[in-house]
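# Descriptive analysis of the structure
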Amino acid sequence: MSPQPRVFSGIQPTARLHVGNYLGAIQNWVRLQEDHECLYSIVDYHAVTQGFAPAELPRRTLDLAAELIACGIDPERSILFVQSHVPEHTELAWVLNCVVSFGDLTRMTQFKDKSEGAEHVSGALFSYPVLQAADILLYRAARVPVGEDQVQHLELTRRIGRRFNALVGRDYFPEVEPFLSPAPRIMSLADPSKKMSKSLGPSHFIGLTEDPDAVWKKLRSAVTDVGGPTEAAPGTGAGERMSPGVENLFLLLRTTAPAAVTESYLERYRSGEPMYGDLKQAVRYHLEETLRPMRERRAELDDRSVRAALRAGAERAGDLARRTMADVRDLVGVGPVALDRASGA
Ligand code: AQP
């Protein structure tokens, strides 16, 4: 039997999961477990690129792991682990820093967005996509389930992998492909011109384990017909132009409700009858149906079992990572084995 294709993806423990993370990426993480060998990492070294938070980071890491398990990541089937528990991530990142071109890094739009107006811009924020490339290439994973905002970084990972292969004269790292969900970009409720994101503030996102009343408060005040029209949401079947806020509500409905439900609201939208209040109620209902089982599973999980799952995950990931790093040191000519060889030992 041929081995299952390998998948890697990571998520930062900067706060708890939101609906954008779930519909854009985590739902695919769960699905891919069926027929892939999956590694999913809580990338805590990424979370410190914009400042340390030693009093909060460990708690966030544990909470995020519990939420991922509640979403359906099965730590028996998939390798669920914390990035810093496998030190080879940062070691490979250094080697890949020697491979990446400075010009390529300067073109990363996320760096431009995150550094704009910041008081202190760390070197790590600039080279962040190299650590991301190391995360993926360390496991020689070919498929990476992410949201649309990460596609540029994956293109860079591909370029780094190719350049490494060319420099060492061996096809060592595979070609990396993004794997996008049907909702690769969920927008903010309060400002639908921006992607749903934790850093924009609580009114902009819906937390996965948020209380239903708080979710409704955010949905009720979600922006609808301001912000200018765009093309109709892909896949909604609507021929007319929708404003970004309405398009986003339809996207939330389409990804949580049966197709017939979305179609009935689209018909009402096309007929021009006022329906935004009802549309928000429908999103509220179907989102709650999606989120409730996760909230319930999350409530049943305790820290002890989550910590045990992460410890086991780090052991399994570490076995794979050590093999790759041994090869990489060899290919680059560093490390004790290379010295032994040079001296004929
Ligand atoms: N709005 C979104 N729509 C679809 N997918 C999204 N992802 C994030 N936001 C959306 C995807 O979720 C995965 C984890 O992303 P991350 O660890 O990079 O989380 P994030 O980007 O840090 O999430 P935020 O909320 O945007 O954080 P801040 O505001 O701190 O930068 C990735 O696959 C991502 O594509």
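Fair warning: this is a prediction, and the values are worked out from it, not measured in the lab.

On to empty space enclosed by the protein. Within this structure, the stated rule accounts for one cavity of 30 Å³ or more. Counted as a void, the largest cavity has a volume near 60 Å³. What lines the largest cavity is simply Gln110, Phe111, Lys114, Leu125, Tyr128, Pro129 and His153. At the level of elements, helix H6 (109-115) and helix H7 (123-137) are the ones that each hand at least two residues to the lining of the largest cavity. Grouping the amino acids of the lining of the largest cavity by side-chain chemistry returns four nonpolar, two polar and one charged.

As a further point, take helix H1 (residues 19-32). With 14 residues, H1 should cover 20 Å at 1.5 Å per step; its first-to-last C-alpha distance of 19 Å lies within 8% of that length. Of all the bends in H1, the greatest measures close to 45 degrees and is centred on Ala25. The element H1 is largely enclosed, with a buried count of 12 among its 14 residues.

Take the packing of H7 against helix H8 (residues 151-168) next. For the pair H7 and H8, interaxial distance at closest approach is 9 Å and the crossing angle is 70 degrees. It follows that H7 is roughly perpendicular to H8 by the angle criterion. Pair H7 / H8 crosses with right-handed handedness. Contact with H7, carried on its side by Tyr128, Pro129, Gln132, Ala133, Ile136 and Leu137, involves His153, Leu154, Leu156, Thr157, Ile160 and Gly161 of H8 and no other residues of that element. Counted by class, the contact of H7 with H8 contains eight nonpolar, four polar and no charged residues.

So, about the confidence of the model for the protein. With 95% of its residues at a pLDDT of 70 or more, the protein has an overall mean of 93. Contacts from residues 227-238, a stretch scored under 50 in pLDDT, to residues over four places away or in other chains number 31 contacts.

Definitions and cut-offs
Residues numbered from 1 in each chain as written. Predicted model: local features only at pLDDT ≥ 70, side-chain atom pairs only at ≥ 80, totals over all residues. Heavy atoms only, no water. 1 Å grid on protein atoms, 1.4 Å probe; cavity = no way out; pocket = protein on both sides within 12 Å on 5 of 7 lines; lining within 4 Å. Points joined across faces, edges and corners; volume = space filled by probe spheres on them. Helix = DSSP H or I, 4+ residues; strand = E, 2+ residues; numbered from the N terminus. Nonpolar A, V, L, I, M, F, W, Y, C, P; charged D, E, K, R; others polar. Expected span 1.5 Å × (residues − 1). Bend = angle between axes of the 7 residues up to and from the residue. Buried < 20%, exposed > 50% of the residue type's maximum accessible area, 1.4 Å probe, protein only. Axes fitted to C-alpha atoms, helices over the stretch in contact; angles between N-to-C directions. Parallel < 35°, antiparallel > 145°, perpendicular 65-115°, else oblique. Left-handed = near helix turned anticlockwise from the far one by under 90°. Contact = heavy atoms within 4.5 Å. pLDDT = per-residue confidence, 0-100.

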